[in-house]
Amino acid sequence: MSLVRDILTVLSVTAGAFFFLAGTVGLLRFPDTLTRLHALTKADNLGLGLVVLGLALQTWSGPAVLKLAVVWLLALFSGATVAQLIAHRARDDRPGE
Amino acid sequence: MTMGLLLDFFLVILALAAGWWTIGAKDSFGAAVAFVAYGLVLALIWVRIAAPDVALTEAAIGAGLTGGMLIGASTRLESAKQATRAGGVTRRLAIALSALVAAALALAVLGLPHPPPSLAAAAMAALPPTGLGNPVTGVLLAYRAVDTLLEKVVLILALLGTWSLAPDRLWGGRPGRKERRNAASPLTLLGQVLPPIGIVIGLHILWVGANEPGGAFQGGTILAAMWMLAVMAGLVDVPAISRTWLRLLVVAGPGLFLIVGLAGFVVAGGFLAYPPGFAKPLILLVEVVLTLSVAAILLLLLAGPPEREPPR
């Protein structure tokens, strides 16, 4: 059973790391603020979610899993809000609109 | 083991890069952002060397609070069009001084005997009578309580220094400008939903501080951040600094700490000594009130000097 959990953790954390990598590449390569934000928030949401999932499988105790889930949800919430704020600002600053 | 070493290596490179980025940033805003990143890397390093209490403080104070204050300062300088770069001589002097401090620190660390002298065993041995489980809290509130007391008094002095920048006619007024509330802004949603969660987390960090990493300063910083968020969203306003309740809140923590310390002369035979059996309840009481004071002081430090006419 613990072997299955270990394998799932490795898969999940690796997938999470891949999303972080992809998000970082997008952040560096995409042409404007809105597309860069798009790349960044995907990395945060999915990447962190998968890492949290992998870690939750390892701790396997109620309170710790709850704390990990809260960390993820709070990062989702604040990430989404900040992305909205930056996007509003970027739209307002764009010339000719 | 080698994986850990590799991680440490990357963290050190990252810290150096973030430091370089902070110094080399073109404008003060960029430098402040880089400083926040530097603080977060530093917090990770503290975690790596098994000092989670310091890591929490570094993330909350070093990156969060100081970062916020530096960004605020850089915005003020921009709007006042006073952003000037230090002259060549000043810069060279600062570089020389920093290099000297870094070299002295490196020498001191490299010159440590093997194994390095440690009071850790003594700190753990003396912990049971205090009823605490976290030796860091033991050091902060029992063994070296006088340092913690003075640190909180310094915070009040810093706040007085900030307030004293106010012109006479604004003395006693509200700090900062009034933020307008915009129901359509995502910040309003964040300011409404996050504080209840953040207050619970702040109090949790205060409470577990007795036995695990956490404590008054870290908890107070989170409470201050939640208050600041509601202020930024325009949901509440920063109170006028002439308010009696606000001033009482600011001095309550250090004041109570001082009273408990002086009472130690009578009931336990020394300044800041706790009577046997009452150490933990007293420490908890002091920590709770300190947390509230720290939250108020940090909010007011971030808000800056009064900028609006005092209420009549």
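For clarity, every value in this text was computed on a predicted model and none was experimentally measured.

A.B. asks: Can you walk me through the overall build of chain B in this structure?
C.D. replies: Regarding its fold elements, chain B presents 11 helices and zero strands. Ordering the α and β elements of chain B from the N terminus gives α-α-α-α-α-α-α-α-α-α-α. Taken over the C-alpha trace, chain B has a radius of gyration of 22 Å; the compact-globule value for 312 residues is 20 Å, and the two agree within 12%. With the C-alpha coordinates aligned to their principal axes, the bounding extent of chain B is approximately 55 × 50 × 40 Å.

A.B. asks: Looking at this structure, I do not really get the interface of chain B and chain A. What am I missing?
C.D. replies: The accessible area lost on association of the parts is a frequent measure of interface size. Listed per partner, the contact involves four residues of chain B and four residues of chain A. For the side of chain B that touches chain A, the per-class residue count stands at four nonpolar, no polar and no charged.

A.B. asks: Looking at this structure, I do not really get the packing of helix 1 (residues 2-24) of chain B against helix 2 (residues 28-48) of chain B. What am I missing?
C.D. replies: When two helices pack together, their arrangement is captured by the angle between the axes and the distance separating the axes. Residue and element names in this part refer to chain B. Put simply, helix 1 and helix 2 touch, their axes get as near as 8 Å, and they point 160 degrees apart. With respect to their mutual orientation, helix 1 and helix 2 come out roughly antiparallel. In the packing of helix 1 onto helix 2, the handedness of the crossing is left-handed. Contacts between helix 1 and helix 2 pair Asp 8, Leu 11, Leu 14, Ala 15, Ala 18, Gly 19, Trp 21 and Thr 22 from the former with Ala 31, Ala 34, Phe 35, Ala 37, Tyr 38, Val 41, Leu 42, Leu 44, Ile 45 and Arg 48 from the latter. Along the lines of polarity and charge, the residues of the contact of helix 1 with helix 2 split into 14 nonpolar, two polar and two charged.

A.B. asks: Would you mind going over the packing of helix 1 (residues 2-29) of chain A against helix 2 (residues 33-59) of chain A with me for this structure?
C.D. replies: Residues and elements named next belong to chain A. Orientation of helix 1 relative to helix 2, taken along the N-to-C sense of each, is 165 degrees, at an axis distance of 8 Å. For the element pair helix 1 / helix 2, the angle class is roughly antiparallel. Considering the relative orientation of helix 1 and helix 2, their crossing is left-handed. Each residue belonging to the contact of helix 1 with helix 2 can be placed in one class, and the counts come to 16 nonpolar, nine polar and three charged.

A.B. asks: Before we go on, may I ask you to explain the nonpolar core in this structure?
C.D. replies: All names here are of chain B. Counting residues in each nonpolar core, the largest one holds 55 residues, and the members touching the most others are Ala 224, Trp 227, Ala 295, Ile 297, Leu 298 and Leu 299. Where this core is concerned, the elements lending two or more residues are helix 2, helix 3 (52-79), helix 6 (135-143), helix 7 (145-163), helix 8 (186-208), helix 9 (216-232), helix 10 (244-267) and helix 11 (279-303). Considering each element in turn, this core owes the most residues, 14 residues, to helix 11. In contact with Ala 224, other than residues within four places in its own chain, are Ala 295, Leu 298 and Leu 299.

A.B. asks: How do you make sense of helix 6 of chain B when you look at a structure like this?
C.D. replies: An α-helical turn contains 3.6 residues, so a residue and the one three or four places further along point in the same direction. Listed as buried for helix 6 of chain B are Pro 135, Thr 137, Gly 138, Leu 140, Leu 141 and Ala 142 of chain B. Check the buried side of helix 6 of chain B and you find it contacts helix 5 (120-125), helix 7 and helix 11 of chain B.

A.B. asks: I tried to follow unusual backbone geometry on my own but got confused; where do I start?
C.D. replies: The phi angle of most residues is negative, glycine excepted, and most peptide bonds adopt the trans form. All names here are of chain B. That bond from His 114 to Pro 115 is cis: its omega, -10 degrees, falls within 30 degrees of zero. The topology assignment puts Pro 115 in the loop between helix 4 (88-110) and helix 5. Even without glycine at this site, Ala 50 takes up a positive phi of about 60 degrees. Inspection of the secondary structure puts Ala 50 in the loop between helix 2 and helix 3. Classification of Ala 50 as exposed rests on a count of 8 C-beta atoms within 10 Å. Of note, Leu 272 is a non-glycine position whose phi angle comes to about 60 degrees, a positive value. With respect to the element layout, Leu 272 can be found in the loop between helix 10 and helix 11.

A.B. asks: Just to check I follow, could you spell out the environment of Ala 240 of chain B for this structure?
C.D. replies: Mapped onto the elements of the fold, Ala 240 of chain B is located in the loop between helix 9 and helix 10. Between the alpha carbons of Ala 240 of chain B and Leu 56 of chain B there is a distance of 31 Å; along the sequence they are 184 residues apart.

A.B. asks: Which parts of the structure should I look at to understand helix 11 of chain B?
C.D. replies: With 25 residues, helix 11 of chain B should cover 36 Å at 1.5 Å per step; its first-to-last C-alpha distance of 36 Å lies within 8% of that length. Directly beyond the C-terminal end of helix 11 of chain B, a positive phi value near 85 degrees is found at Gly 304 of chain B.

Calculation criteria
Residues numbered from 1 in each chain as written. Chains lettered and ligands numbered in written order. Predicted model: local features only at pLDDT ≥ 70, side-chain atom pairs only at ≥ 80, totals over all residues. Helix = DSSP H or I, 4+ residues; strand = E, 2+ residues; numbered from the N terminus. Rg over C-alpha atoms; globule rule 2.2 N^0.38 Å. Contact = placed C-beta atoms within 7 Å. Nonpolar A, V, L, I, M, F, W, Y, C, P; charged D, E, K, R; others polar. Axes fitted to C-alpha atoms, helices over the stretch in contact; angles between N-to-C directions. Parallel < 35°, antiparallel > 145°, perpendicular 65-115°, else oblique. Left-handed = near helix turned anticlockwise from the far one by under 90°. Core = buried A, V, L, I, M, F, W, Y, C linked by C-beta atoms within 7 Å. Buried ≥ 20, exposed ≤ 12 C-beta atoms within 10 Å, placed from the backbone. Expected span 1.5 Å × (residues − 1).

Honestly, that's just the spatial picture; any functional story needs more than this.
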